[in-house]
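Notes for the structure review
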Amino acid sequence: MLRALACGDRFSWSSQVSFVALWAEFYEHGDMERVPQEAGAAEAQGAVAGRARRFVVVGGALVVVAVLAYWLGSSGGNGEEAAPRPSVTPTPSTALTVPDVFKRVGPSVVVIRAGESLGTGVIAAEDGTILTAHHVVKGAKGKGATDVTVTFADGTKSKAVVASSNPKRDVATLKPAKLPEIVVPATLGGAVAVGAPVVAIGNPLGLTYSVSTGVVSGLNRTTEDGDRDLGGLIQFDASVNPGSSGGPLLDARGLVIGIVISIADPGGDEAFAGIAFAVPIGAALGGSEGDGPPGDGPQI
């Protein structure tokens, strides 16, 4: 019995000859229909010859198909397995639209009021710990401390205490006395590159939950803060104003990459001039470094 030639099977020229001989053998031994040698034998012989020719043609075609299958299934006809063809694997984009970033992180942003000071904070842990700028709540520690009130995205209001502060980095953490029914901590990010898109969410001039966009303009910047300098900052050009301090600076995936602390204020009027600064999130989480000077620079 004949078997189908699988793609990649070896099929030598001797095999092809045997293939044709096998068809001849079928004919000689009567496996094909025999025509009686009686009257009209010439016509019968012609019919048989025609059928034989058709079978030879069919056999030849099968040989060609088999050889093509062999060559296509092998590597250059040398019997080696064909190398797989490289395919393009699309890399899915993890970037979000700005509305999606706001939808994801907005529930993590809070409004902070400490006396006359207005600022922003972001929930940084499942226990409701809020990360903000130190200068927003700097009067809330010690004797005669100012009360701190936080308002969550769902409208829940609560008193809060300063759990830790790092004036040298201008960051602080708050512990609210009451939490909303659903606590939505933001996801913290890491590395950032110059030119990367950023989103800032805050409460500039009391306009709560305002969103602005821009790019990272520079890294490792230094800005004056009273009689000292704050270094290692992210410079960005998303619009921020007084009330934005302590708010999250986000990358295109909605990850917190910094805490907004100040603006460049060449006119001394606390107005946005296209340059703002944020403490990188890694430095913001670095812990307390002592009380330090109060810092009365171009903070917002």
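Summary of the structure given here. (Residues numbered from 1 in each chain as written. Predicted model: local features only at pLDDT ≥ 70, side-chain atom pairs only at ≥ 80, totals over all residues. Heavy atoms only, no water.)

Topic: a nonpolar patch on the surface
Inclusion rule: For patch building, the residue pool is restricted to those with more than 30% relative accessible area and no salt bridge; the joining distance is 9 Å between like charges and 5 Å between nonpolar side chains (Val, Leu, Ile, Met, Phe, Trp, Tyr). Per-residue and other accessible areas follow the Shrake-Rupley method at a 1.4 Å probe size, with only the shown protein chains counted as cover for residues. Whenever a carboxyl oxygen of Asp or Glu lies within 4 Å of a side-chain nitrogen of Lys or Arg, that contact is scored as a salt bridge. Every helix listed is a DSSP run of H or I at least four residues long, and every strand listed is a run of E at least two residues long, numbered separately from the N terminus. Partly exposed describes any residue whose relative accessible area lies between the buried limit of under 20% and the exposed limit of over 50%, with all areas from a 1.4 Å probe on protein chains only and scaled to the type maximum.
A cluster of nonpolar side chains, namely Val98, Phe102 and Val211, defines an oily patch on the protein surface of about 200 Å² accessible area. Note that Phe102 resides in helix 3 (residues 98–105). A relative accessible area of 31% places Phe102 in the partly exposed class.

Brief notes about the pairing of strand 6 (residues 171–176)
To be explicit about the condition: Any two strands with at least two DSSP bridges between them are considered paired.
For strand 6, a buried count of five out of six residues is recorded, marking the element as mostly surrounded by other parts of the structure. Both strand 3 (residues 130–132) and strand 6 contribute to a ladder of three bridges, which runs antiparallel. Residue pairing in the sheet places Thr132 in a bridge with Ala172 of strand 6. Two strands pair when backbone bridges link them, and strand 5 (residues 157–166) and strand 6 are joined in this way by six bridges, in the antiparallel orientation. Looking at the pairing, Val162 lines up with Leu174 of strand 6.

Describing the side chain of Asn203
Put simply, the rule is: The term polar contact refers here to a pair of N or O atoms within 3.5 Å; inside protein, the definition further demands a hydrogen-donor-capable atom paired with an acceptor-capable atom, and it admits residues adjacent in sequence only when both atoms are side-chain atoms. The contact definition used throughout considers only heavy atoms, calling two residues in contact when any of these lie within 4.5 Å.
With respect to the secondary-structure elements, Asn203 resides in the loop between strand 7 (197–202) and strand 8 (210–225). Given a relative accessible area of 0%, Asn203 falls into the buried group. Here Thr120 takes part through its side chain, which lies 2.9 Å from a polar atom of the side chain of Asn203. In this structure, Asn203 is in contact with Val110, Val111, Leu118, Gly119, Thr120, Thr208, Tyr209, Pro242, Gly243 and Ser244, ignoring residues within four places of it in sequence.

Here we look at the pattern of salt bridges
Under the counting rule described, the total for this entry stands at three salt bridges. The closest approach of N and O atoms between Lys175 and Asp127, which form a salt bridge, is 2.6 Å. Of this pair, Lys175 sits in strand 6 while Asp127 sits in the loop between strand 2 (117–123) and strand 3, and the two are 48 residues apart along the sequence. According to the relative accessible area criterion, Lys175 is partly exposed, its value standing at 34%.

Remarks on the nonpolar core
Short version of the rule: Take the buried Ala, Val, Leu, Ile, Met, Phe, Trp, Tyr and Cys residues and link them wherever side-chain atoms come within 4.5 Å; each set so joined is a nonpolar core.
One finds Ile112, Ile130, Val137, Val148, Val150 and Leu174 to be the most contacted residues of the largest nonpolar core, which totals 37 residues. It is strand 1 (residues 109–114) that provides the largest number of residues to this core, a total of four residues. For Ile130, the contacting residues outside a window of four places in its chain are Val110, Ile112, Gly121, Val122, Ile123, Val150, Phe152, Ala172, Thr173, Leu174 and Pro176. Counting 13 residues, the second-largest nonpolar core is a separate cluster that includes Ala200, Ile257, Val260 and Ala278.

Concerning the environment of Pro280
Structurally, Pro280 can be placed in strand 12 (residues 276–280). Sequence separation between Pro280 and Leu249 is 31 residues; the distance between their C-alpha atoms is 8.9 Å.

Description of unusual backbone geometry
For Asp170, which is not glycine, the phi dihedral falls at a positive 60°. Phi at Asn220 takes a positive value of approximately 55°, unusual for a residue other than glycine. Inspection of the secondary structure puts Asn220 in strand 8. The exposure class of Asn220 is exposed, given its relative accessible area of 61%.

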